[in-house]
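As a plain string of letters, each chain reads:
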Amino acid sequence: LINPAAAAESARAKRVLMVSTGSRFSIAFPILEQNAVDKLRQIHPKDLDFYSEYLDIIRFSSDKNHRIFRDYLRDKYADDVPDLIILFYAGNLSIAQKALAQLFPDTPVIVAGVTEEDLPTGPLGERATGIAQRVDADGTMKLILQLQPDVKRIVVIGGTTEVDQAVINRVVQAANSFRDKIEFELWNNRSIDEILNGVKSLPPETTILFTRMFRDGAGQAVISANTAQSIGKAANVPVYALTDAALGSGIVGGSVSDIARLGRRAGEAAHDVLSGTNPA
């Protein structure tokens, strides 16, 4: 005998919930989301229903806001529990992990990080799998020297959140190999206004390396790629970055990570899990 309810459940389109820890007005997150959707539609043979939510965790960082969003997700999806979650993150991975583990205890999760935190074996346990990008600071510095062999000074600009500092630390570590050739100056505790004013009048034989900024030195939450582009427009010297989301308005380039490719890879991993592959 065929169970009608089970047959209907099997026949319905699978629900894929995409949750981004960043802002909808960020450059990177909509690119990630759209490329994951496009890839899934291309390679997955069955119907899919897509849902999208943005936590904007860094700008709304209080416990109160986390509770509000958790309650919103719980009520909204109470009757439409997702079959798969794709979590796009940039910092504060643990907050999103904890909320999703509580709300959807049986739903597998694909994580795709534009920043570099390792995925802890925490609340999601073996239900989670995924990928995180690594910045190529060493490759970007080599590119700077190749394009500007006369450069004597690199101003490294970054922010103050934990993930901002993690990227800065990788850049500082890579810089150790170049200190016999270049002087490095770190701007990681300045406000946006101070930075934009400062980059207008840098001396010759200087260049800028923008790392990551989700909060500036004055404590203001910002959108990292948008900030990079603002610096690129204001600066009187070349500006390099570590991700292609920053390109397009004055940034020279860099050995950049490919945001669209990360989204497509998340879509491929989602297809595997929806097709029965164990995330573990």
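Coordinates for the structure precede this section.
Asker: Is there a simple way to explain the sheet that holds strand β10 (residues 251-253) in this structure?
Answerer: In any sheet, the strands associate via hydrogen bonds between backbone groups, in a parallel or an antiparallel arrangement. Pairing in this open sheet of five strands is parallel, and the strands run β7-β6-β8-β9-β10 from one edge to the other. The open sheet is flanked by β7 (183-187) and β10, the only strands paired with a single partner. As defined by bridge partners, strand β9 (residues 239-240) adjoins β10 across two bridges and the pair is classed as parallel. Within β10, the residue paired with Tyr-240 across the bridge is Gly-253.

Asker: I keep staring at the packing of helix α2 (residues 28-43) against helix α9 (residues 259-274) and nothing clicks. Help me out?
Answerer: Between two packed helices, both the angle of their axes relative to each other and the distance between the axes serve to describe the pair. With their axes 7 Å apart at the nearest point, α2 and α9 run at an angle of 45° to one another. For the element pair α2 / α9, the angle class is oblique. As α2 packs across α9, the resulting crossing turns out to be right-handed. The residues of α9 that touch α2, namely those facing Ala-28, Ile-31, Leu-32, Asn-35, Ala-36, Lys-39, Leu-40 and Ile-43, are Ile-259, Ala-260, Leu-262, Gly-263, Arg-264, Gly-267, Glu-268, Ala-270, His-271 and Leu-274. Residue composition of the contact of α2 with α9, grouped by class: eleven nonpolar, four polar and three charged.

Asker: Could you clarify how one ought to interpret the packing of helix α3 (residues 63-76) against helix α4 (residues 93-103) in this entry?
Answerer: Between α3 and α4, whose axes approach to 10 Å, the crossing angle comes to 35°. When you trace α3 past α4, the crossing you get is right-handed. Taken together, the residues of α4 that come into contact with α3 (itself represented by His-66, Arg-70, Leu-73 and Arg-74) are Ile-95, Ala-99, Gln-102 and Leu-103. Split into classes, the residues belonging to the contact of α3 with α4 amount to four nonpolar, two polar and two charged.

Reading guide: rules and limits
Residues numbered from 1 in each chain as written. Predicted model: local features only at pLDDT ≥ 70, side-chain atom pairs only at ≥ 80, totals over all residues. Heavy atoms only, no water. Pairing = 2+ DSSP bridges. Helix = DSSP H or I, 4+ residues; strand = E, 2+ residues; numbered from the N terminus. Axes fitted to C-alpha atoms, helices over the stretch in contact; angles between N-to-C directions. Parallel < 35°, antiparallel > 145°, perpendicular 65-115°, else oblique. Left-handed = near helix turned anticlockwise from the far one by under 90°. Contact = heavy atoms within 4.5 Å. Nonpolar A, V, L, I, M, F, W, Y, C, P; charged D, E, K, R; others polar.

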